[in-house]
Amino acid sequence: MTEWLELKFNPKCHSGILFLHSLDSDPIGGGRMMSWHLEVFAKAFGGRFTMPSDIYVVPTSNPVATLPSDTLSQRLSQLKTMTEGLNGRGERGWRASLFPGVFKGQTETAWSAALLLFKSIPQAQTTEFFASPDARVAMKNLAGFLFKEFKVKTWDRDLDSIIMLGRTALEFTPLECSEYRSALIDLAGLLSQRFSKEGRKDDLDDLITLKHAVLECMSSDEPQRQISLLELEVYLSERLRRTFSMVDLEETISLRRAALERIPLPNQCKALLKLADALHEQFQKQGMENSIAEALSLARAALPLCPPGHPDHALPRRHLASYLETTRLALFDHANPIFNKFKKKEKDRDLDATIMLGQTALEFMPPDHSLRHSTLIHLTGLLLERFNKDGRKEDLDKLITLKRAVLENMPADEPQRHSHLLELDSHLFERFKRTNSTVDLEEVISCHRAVLEHIPPPNRCRALLDLADALHEQYQRQGTEHSIVDAISLAQAALRLCPAAHPDHMLPRDRLTSYLQTKVRKTVHMGGMGAGPSSTSSYDIRRLIGKAVSDKVEKIPLRLLFTPTGDLCNRDAQISRFEGSSQYEQLLSLASSLDKDQLETEINNVISEYFGFTTLSHRWGSGEPLLRDVEGRRVYDLGSTDGETKLQIFCNLSFQRNFLWAWSDTCCIDKDSSAELQEAIGSMFSWYRWSSLTIVHLPDVVDAGSLADSVWFTRGWTLQELLASRTILFYTYDWLLYSTSDVADHKTDPALLRELQNATGIEKRHLTDFCPGVDDARSRLHWASRRRTTRPEDIAYSLFGIFQVHLPVFYGESAQNALGRLLAEIISRSGDVSVLDWAGKPSLSPFNSCFPPDLTPYQMVPHFPLILSDPAKRNSLNLEKAQKLYRSLKRLPRAGFVNNKLTLPSTAHAITAAKLRDSLTSPSRYTYEIQASRLQTLNVTLSVELDEIVDTCIVVRPWHPKTLEKPTDRDIDAVWKLLEQLEQPFNALLLKRLPHNEYTRIACDCRITAYIQDLDSILDSEVLILEIV
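For clarity, every value in this text was computed on a predicted model and none was experimentally measured.

Q: Account for the overall build of the protein chain, naming residues and giving values.
A: A tally of helices and strands in the protein chain yields 39 helices and 19 strands. Counting only contacts in the protein chain whose residues sit at least 6 apart along the sequence, the fraction spanning at least 24 positions is 66%.

Q: Lay out the sheet that holds strand β10 (residues 728-731) with the relevant residues and their values.
A: Strand pairing within a sheet occurs via backbone hydrogen bonds; the two strands may be parallel or antiparallel. Spatial ordering of the open sheet is given by β6-β5-β8-β7-β9-β10, a layout of six strands whose pairing is mixed. Taken across any chain shown, the strands that pair with only one partner, and hence form the sheet edges, are β6 (567-569) and β10. Within the sheet, the average angular offset between the axes of one strand and its neighbour, ignoring direction, is 30°. Where strand β5 (residues 560-562) lies against strand β8 (residues 661-663), two bridges are found, and the strand directions are antiparallel. Bridging across to β8, Leu-561 finds its partner in Ala-662.

Q: Could you give an account of helix α29 (residues 674-690), naming the residues involved and the relevant values?
A: Under the 1.5 Å per step criterion, the end-to-end length of α29 is 24 Å for 17 residues, consistent within 8% with the ideal 24 Å. At Ser-683, α29 is deflected by roughly 50°, the largest bend along its length. By the burial criterion, the buried members of α29 are Glu-676, Leu-677, Ala-680, Ile-681, Ser-683, Met-684, Phe-685, Trp-687, Tyr-688 and Arg-689. Turning to α29, the residues buried within the fold contact β7 (613-617), β8, β9 (693-697), α30 (716-724), α34 (794-797) and α35 (800-803).

Q: Which residues make up the pattern of salt bridges, and what values do they have?
A: One pass over the full model with this rule turns up 41 salt bridges. Notably, a salt bridge pairs Glu-222 with Arg-181, separated by 2.8 Å at the nearest N-O pair. Pair noted here: Glu-222 is in the loop between α8 (201-216) and α9 (223-242) and Arg-181 is in helix α7 (residues 180-198), with a separation of 41 residues, a long-range link. The class for Glu-222 is buried, based on a relative accessible area of 18%. On the basis of relative accessible area, Arg-181 is assigned to the partly exposed category, the value being 27%. Lys-274 is the partner of Glu-233 in a salt bridge, and the nearest nitrogen-oxygen pair spans 3.2 Å. Of this pair, Glu-233 sits in helix α9 while Lys-274 sits in helix α11 (residues 269-286); the two residues are 41 residues apart in sequence, bridging distant segments of the chain. You can call Glu-233 buried: its relative accessible area is 6%. Here the salt bridges do not stand alone but share partners, grouping Asp-352, Arg-386, Asp-390, Arg-392 and Asp-395 into one network.

Q: Run through the environment of Ser-779, naming residues and quoting values.
A: Along the chain, the position of Ser-779 falls in helix α33 (residues 777-784). Judged by relative accessible area, which is 25%, Ser-779 ranks as partly exposed. In this structure the C-alpha to C-alpha distance between Ser-779 and Val-861, which are 82 residues apart in sequence, comes to 8.2 Å.

Q: Give me the packing of helix α37 (residues 879-891) against helix α38 (residues 973-982): which residues, what numbers.
A: Angle between the axes and distance between the axes: these two values describe a pair of packed helices. The geometry of α37 relative to α38 is characterised by a closest axis approach of 10 Å and an angle of 75° between their N-to-C directions. Considering the angle they form, α37 stands roughly perpendicular to α38. Listed contacts from α38 to Ala-882, Gln-883, Leu-885, Tyr-886 and Leu-889 of α37 are Ala-974, Val-975, Leu-978, Leu-979 and Leu-982. The residue makeup of the contact of α37 with α38, split by class, is nine nonpolar, one polar and no charged.

Q: Just give me the short version of the packing of aromatic side chains, but keep the residues and values in it.
A: Scanning all chains against the criterion turns up 20 aromatic pairs. Between Phe-562 and Trp-661 the ring centres are 4.9 Å apart and the planes differ by 55°, which places this aromatic pair in the tilted class. Residue Phe-562 is located in strand β5, and its partner Trp-661 is located in strand β8; the two are separated by 99 residues in the primary sequence. When its relative accessible area of 10% is taken as the criterion, Phe-562 is described as buried. Ring plane angle 65° and centroid distance 6.2 Å describe the contact between Phe-770 and Trp-783, whose orientation is recorded as edge-to-face. With Phe-770 in the loop between α32 (764-768) and α33 and Trp-783 in helix α33, the pair connects residues that are 13 residues apart, well separated along the chain. Considered together, Phe-770 and Trp-783 belong to a single accessibility category, that of buried residues.

Q: Tell me about the side chain of Ser-739, and please be specific about residues and values.
A: Relative to the helices and strands, Ser-739 resides in the loop between β10 and α31 (750-760). In terms of polar contacts, Ser-739 uses its side chain to reach the side chain of Ser-741, at 2.8 Å. Among all residues touching Ser-739, those that are not within four sequence positions of it are His-746, Asp-749 and Leu-752.

Q: Go over the packing of α29 against α30 with me, naming the residues and quoting the values.
A: The interhelical angle for the contact between α29 and α30, taken along N-to-C directions, is 40°, at an axis separation of 7 Å. Where α29 crosses over α30, the two elements pack in a sense that is right-handed. For the pair α29 and α30, the contacting residues are Ile-681, Met-684, Phe-685, Tyr-688 and Arg-689 in the first and Trp-717, Gln-720, Glu-721, Leu-723 and Ala-724 in the second.

Q: So what about the pairing of β7? Which residues, and what values?
A: Of all five residues in β7, five are buried; the element is thus mostly enclosed. Side chains Phe-613, Thr-615 and Ser-617 of β7 all project onto a buried face; the interleaved residues Thr-614 and Leu-616 project onto the opposite face, where all are buried too. For β7 and β9, the ladder comprises four bridges, and the chain directions are parallel. Pairing of Thr-614 across the sheet is with Leu-693, part of β9.

Q: Could you give me a rundown of unusual backbone geometry, with the residues and numbers involved?
A: We note that Asn-658 has phi near 70°; this positive angle belongs to a residue other than glycine. As for its placement among the helices and strands, Asn-658 is situated in the loop between α28 (642-656) and β8. With relative accessibility at 67%, the residue Asn-658 sits in the exposed group. Of note, His-996 is a non-glycine position whose phi angle comes to about 65°, a positive value.

Q: Account for the nonpolar core, with residues named and values stated.
A: Ile-545 and Phe-730 are the most contacted members of the largest nonpolar core, which totals 150 residues. Leaving out residues up to four positions away in the same chain, Ile-545 has contacts with Phe-578, Tyr-584, Leu-587, Leu-588, Ile-603 and Ile-607. Residues Val-451, Leu-464, Leu-471 and Tyr-515 belong to the second largest nonpolar core, which totals 44 residues.

Q: Account for the side chain of Thr-907, with residues named and values stated.
A: Its location among the elements puts Thr-907 in strand β12 (residues 901-916). Exposure remark for Thr-907: the relative accessible area of 5% places this residue in the buried category. Beyond its immediate stretch of four places on either side in the chain, Thr-907 contacts Leu-889, Val-955, Val-956, Arg-957, Ser-1021, Glu-1022 and Val-1023.

Here is what the cut-offs are and how they apply
- Here the residue numbers are simple positions, counted from 1 along each chain's written sequence.
- Local features in this predicted model are restricted to residues whose pLDDT is 70 or higher, and side-chain atom pairs enter the listing and the counts only when it is 80 or higher, whereas totals over whole chains, interfaces and linings include all residues.
- As a convention, hydrogens and water are excluded, and side-chain values are obtained from all of the structure's heavy atoms.
- Comment: elements are numbered from the N terminus, with helices defined as DSSP H or I runs of at least four residues and strands as E runs of at least two.
- It only takes one pair of heavy atoms within 4.5 Å for two residues to be counted as in contact.
- Whether two strands pair comes down to DSSP finding at least two bridges between them.
- Comment: axis = line fitted to C-alpha atoms, over the contacting stretch for helices; angle = value between 0 and 180 degrees taken between N-to-C directions.
- A helix's residues, less one, multiplied by 1.5 Å, set its expected span.
- A residue's bend is given by the angle between axes fitted to the 7 residues ending at it and the 7 residues starting at it.
- Burial classes follow relative accessibility: with a 1.4 Å probe on protein chains only, a residue under 20% of its type's maximum area counts as buried, one over 50% as exposed, and anything between as partly exposed.
- The working definition used for a salt bridge is a side-chain nitrogen of Lys or Arg within 4 Å of a carboxyl oxygen of Asp or Glu.
- Reported orientations rely on four angle classes, namely roughly parallel under 35 degrees, roughly antiparallel over 145, roughly perpendicular from 65 to 115, and oblique for the rest.
- When residues are grouped by polarity, Ala, Val, Leu, Ile, Met, Phe, Trp, Tyr, Cys and Pro land in nonpolar, Asp, Glu, Lys and Arg in charged, and all others, Gly among them, in polar.
- Working definition: rings of Phe, Tyr and Trp (its six-membered ring) pair if their centres are within 6.5 Å, and the pair is stacked with planes under 30 degrees apart, edge-to-face with planes over 60 apart, and tilted otherwise.
- Definition of a polar contact: a pair of N or O atoms within 3.5 Å, with one able to donate and the other able to accept a hydrogen when the atoms are protein atoms, and with sequence-neighbouring residues admitted only if both atoms are side-chain atoms.
- Working rule for handedness: look at the near helix, and if it is turned counterclockwise from the far one by less than a right angle, call the crossing left-handed; if clockwise, right-handed.
- In these notes, a set of buried Ala, Val, Leu, Ile, Met, Phe, Trp, Tyr and Cys residues joined through side-chain atoms within 4.5 Å is what counts as a nonpolar core.

Have a look at this one:
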């Protein structure tokens, strides 16, 4: 119809009159009505314009009408006669023509086509009717009227045409018109409906443009404005998801900030996380450290808004885990700009954000990480820069803590140690000036003494005086006689180094004068009280004891139960108990009878024995006392629930065995503190390892021979406790020793050790001398595969110590995610691909398709029959190809894990054919005969159909290069051993190729054992590095 109208109107730039005449009703009498309309229309033109004489009649019919074809033809013939009857009639000399056909569509579609034509007329006929302002108003009124009529239709409508009518109405509506804003809103509503239905990108762009225009028309305090802002943010987010634009992302962040300000604090959780997600994405695209720092801060702010029991309790924890993982990967990637900003001074860095990222880096770094020392040093530099600028006390406290850590990891002969000691001294003295802490002053004195040892005697003048000043300050505050005596002695020594001709001579002389005056005045003030005997030796031994105690308590739990009284003691209370003990007094008395080396040995022995502690290993039961139940009370005064009685017996049993301290995971951890819980889980393996004795209570074991039946062997956390403990004793339900043998450690009892092996499946060498780490990861996962935990995510957390990994703990995350993070860390640290050798549930881990959703698949231990190679084949071996394959495999990197993608070195075998057998084992199982390059025929039963995807599938053998031996020019033994290894059968992974050259594992519930065709096919192996999601 539009083509016909264009043919009639545009070639000659004619104007005309358009009639849309419906055939759904009888046209009898329509001719007179049409003539009447034409006359009314002509009068409306008056004398202002030339009246069009061309009339274009378009017959229309509803597409769902059930009009018989004969009736329709008859009415069309009648309309044709009426149209022809108009020609030449009246003084206008009408020229009428009829559209050769019937327009079958909604009325709005016909008007849409007409308006499209009308809009083009002003461009060709600028001096005619449509060129005038009145014509634009008429066009606006017509389009607006039609748009209002048709937009309310809810069924059987042409949405595209109604939108076109709305566009036309908007185009001819002036900005200042009161109807302009409502036209924008109405058009946006219809575009939103079409976008929801069809998802057109141009509709999304138009929606965003319209919403911007709507907001420009609104005042800032208008209630409707908030709804429009939210809608704009939704559309921008959708466009971001489809096609990333930094401008859209920045506007999204701005809108989410504005939205956050309007939400009451208790309801801000999801708004905080939405803003954090946008900032997280900004960091990933632009590497802006302030973006990820703010995202972390927002996620942490959301945590207290969703406490345990809240329906969204896990939500902020999942987001925080994701942001922390992103930060960890960025900080440990040397190619990442964030790493470089943290390590170098750059003008564009955000100091607060960079410091926060540095602190996050430390949080993830294990103590033995190669970058930890340099990270500590750089972070202290950043904190010092901010402290010098802002003077924050918390920065000063962190500086001191970090400087101590730097010095602890630095050898005594390290050249830089001297400067770090001076900096620590400076920070301590600054804090002392602010807080008057005697502890800080004593550490300042210790620092000065340590600095003095690194300076050659001729250059010690100023260092001597610095130490003397600190001792002088100590004397003034505490009145310790030895302090002022030492200060005077040091000043005298400095004076000897600076004789009268020395440029610094006045400096030690003035200090000595000041110290002497202080001593005299203090003595007079004290009413003639004489000073006691010199206690320099006593000071030294106290310092040695204090250092040894500090070193010891750093390795034991934060809280311990004092078994003689049942009091719960934190570290300060533990030290206080020791300082009030007979052992402490005994050490003080040894100062004059032992030399320094003997004294240090005796101190360490006494402290180790005093702070020896026991640990409890058990299955939690009813009425277990928590920290809040025990704090401020004595264990022996608690009630008589099963848990309280168990704790009391454990403490008393520890005391009977001459241990002053005991630790239980029930009451010695503040589980309401996420930071303390994180530290406890990260340290628990070490605590059991450092404990003097682990007491295991088995309430379900009655007599000998039933050890393996205990539920203790099915729990997740008890595996760590069994392996970590060097000394262990098992007690039955009535707290009697399980074994009647007179041994202090059940791990040395051969009969009981055999029972432990049978109960756990763990070899004797691991039970008696277990070494934590990521070696032989597949076996360690097998040990844990039949164990369970009350909280699903604990099954992963309970293995952190066994694998010696340091990962954050996020209670509320899924068990699959927790296990995925653990497996990813194992692979990243070791490259061990044996953890990928599993088959189990059809459901894959959402973390990565190569990971199982739980530990159950590791119950099966892979086993293959050994294929013996024919030595005679060595004579016909293509040595050049074999050495080339060896070099290719040798160059492969270890498997790794970055951004939830597994980077897997492997040998690949393309699937060339997959034939479905006739007989199906079950409706959801498919048995295939698969042909793959360089492999013997595979007969496998899968849970997926391969027919449609076979061209995208490959079979791979994961590869770990650690098994390669280095060849020599005259020795091909290493190459031959490689071929013998590749000749063995292997459990293969079936992968499907995805866009962007990524892969995903499929059919994980089927164990695919593959056999190589022959030796020659091995030499043609295809070596690839795959990215698997």
